[in-house]
Amino acid sequence: MLSFAIVLLAADCGLADDRYFAIQVVDDQTGRGVPLVELETVNHVRLVTDSAGRVAFAEPGLMDQIVFFLVRSHGYEIPKDGFGYAGVRLQTAAGGSATIKLQRRNIAERLYRATGQGIYRDSVLLGERTPIAQPLLSAQVAGLDSVQAAVHGGQIYWFFGDTLRPAYPLGHFGTAGATSRLPGGGGLSPDRGIDFDFFRGDDGFSRPTCDWKTQHPVWIDGLLSVDDESGEPRLLAHYSIMKSLGERLEHGLARFDEEKRAFEKLRVLDLSQPWQCPREHPVRVKTDDGEFFYFLTPDSLVRAPARFEALTKPENYECFNCLADGALESAAPLLRDANGKLRYRWTKHAPPVGQLAERRLLRSGKIKPDEAHWQVADAAGKTVQMHNGSLTRNEYLGKWLWLAVESGGTSPLGEVWLAVADSPEGPWRQATKIVTHDRYSFYNPAHLPFFDEQEGRIIYFMGTYAETFSGNPVATPRYDYNQIVYRLDLADPRLGPE
């Protein structure tokens, strides 16, 4: 006999608008509402929880009766019944409520959507309080691509890629910008949300910060704050003018003008010098050789002195590799000592060696597996090809963290991994998957170290949730092409030995 769990109505909870049946989906470990949970009726009415895990349900014809909802969410699950259906039966009624508990398979906890329209749509409809000042729409921003963030001048500066608006399918492609206050400096605790103050045009919509009269998208990365020659802190970034995905028309360095709230070109770089510039999410590192900014990508580990004037000159950048000076990766003469031991070092005179280049050296037999620095694998020994992400020093573990999305994996650009090493140079060996997606992308994740709590035991990261690259023909309403924030407890035993 078919047996479904029926979640009974709670007492009337005094909502401001009692037309709705209030459903909240919570994490059974924390009791916190889970965003991005899909509830679907048998006739395919599809709802998605807001950032508080709420749905305001008022479907004509489906009120005042038992309704079955399929429940699904990336990295979360509910037990299946005897027929394989993962869902619940709810007795719907205007003014009533129900709670659904999910089991979290992700090690990281999904907290909220940080950008876009309707972040707390259902909570507002239900008359619930929301933690952010603009819970429905800020600066007419309906969607935002990948994030760059840095603390500068006592506040957080945020920059995003291509920007969507409600008024037309095309928004702007010149890098959106915003600021927010730091936690403890008037800003929200990062577990509650982020109040972005977007840079806006006269029409109220987010305006480009790289408004350089080009018809092509302008993307930035490598954002950092560093003192100039006069001791004045400056925001510096690498920019790319893109012809298409993966094809640059121009790249160079840009400096942010705080009065104009806009970037100005500082130096155009040679396209044949792709790594002699800031990249990804820089981290400041003190070494015996001085203080540097390090830039880690899957293809390279690069550094430059942590001085404004040095960072603006390509000749000051050096990469970490095992190639002899003057070597090309294709020829690959390797640097070994008198005992035949492979030697990695910092050099300006040979190209970077990252995961893929090192794998080619492994396949050719020119290096041995125990000599590799970048061959990250899971606990079973399966190679994890790291894509974009961020490098940070973690005080709680006393180690370095490489948090990145996987290239490929069980979902294209949707699997987030955390690797740990004793130094930024590695060797990087084992990684643990902390977030999974079902046929959906979550690319360019960025650890936000200015949000770290408990001396780094709790970390926060943000990434772009998008159906792009995923092969999924159905984009998630409101969530798609926006930034979602996760929290990770580094004391979680599922992360394995430190």
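All of these numbers come straight from a predicted model, not from anything done at the bench. (Residues numbered from 1 in each chain as written. Predicted model: local features only at pLDDT ≥ 70, side-chain atom pairs only at ≥ 80, totals over all residues. Heavy atoms only, no water.)

Under the definition given, this model contains 28 aromatic pairs. Between the aromatic rings of tyrosine 157 and phenylalanine 159, the centroid separation amounts to 6.5 Å while the plane-to-plane angle is 20 degrees, which identifies the pairing as stacked. With respect to burial, tyrosine 157 and phenylalanine 159 carry one shared label: buried. Considering the side-chain rings of tyrosine 440 and tyrosine 465, the 4.1 Å spacing of their centres and the 10 degrees angle between planes classify their relative orientation as stacked. One end of the pair, tyrosine 440, is in the loop between strand 30 (431-435) and strand 31 (441-447); the other, tyrosine 465, is in strand 32 (residues 458-466), and 25 residues separate them in sequence. Each member of the pair tyrosine 440 and tyrosine 465 is classed as buried. Among the aromatic residues, those joined into a cluster by ring pairs are Trp158, Phe160, Phe196, Phe198, Phe450, Phe451 and Tyr460. The ring of tyrosine 479 has arginine 113 lying over it, and the distance from NZ or CZ to the ring centre is 4.6 Å. (Phe/Tyr/Trp six-rings, centres within 6.5 Å; stacked < 30°, edge-to-face > 60°. Buried < 20%, exposed > 50% of the residue type's maximum accessible area, 1.4 Å probe, protein only. Helix = DSSP H or I, 4+ residues; strand = E, 2+ residues; numbered from the N terminus. Lys NZ or Arg CZ within 6 Å of the ring centre and 35° of its normal.)

What follows is about the layout of surface pockets. The volume enclosed by the largest pocket comes to roughly 1100 Å³. Forming the boundary of the largest pocket are 37 residues, of which Trp219, Leu245, Glu280, Asn388 and Asn444 lie nearest the centre. If you tally residues by element for the lining of the largest pocket, the top one is strand 18 (residues 218-227), at four residues. Residue classes in the lining of the largest pocket are distributed as 15 nonpolar, 14 polar and eight charged. (1 Å grid on protein atoms, 1.4 Å probe; cavity = no way out; pocket = protein on both sides within 12 Å on 5 of 7 lines; lining within 4 Å. Points joined across faces, edges and corners; volume = space filled by probe spheres on them. Nonpolar A, V, L, I, M, F, W, Y, C, P; charged D, E, K, R; others polar.)

With that settled, the discussion passes to the environment of glutamate 128. Position of glutamate 128 among the secondary structure elements: in the loop between helix 1 (121-125) and strand 11 (143-144). On the accessibility criterion, glutamate 128 (31% relative accessible area) is partly exposed. Sequence-wise, glutamate 128 and glycine 414 are 286 residues apart; in three dimensions their C-alpha atoms are separated by 32 Å.

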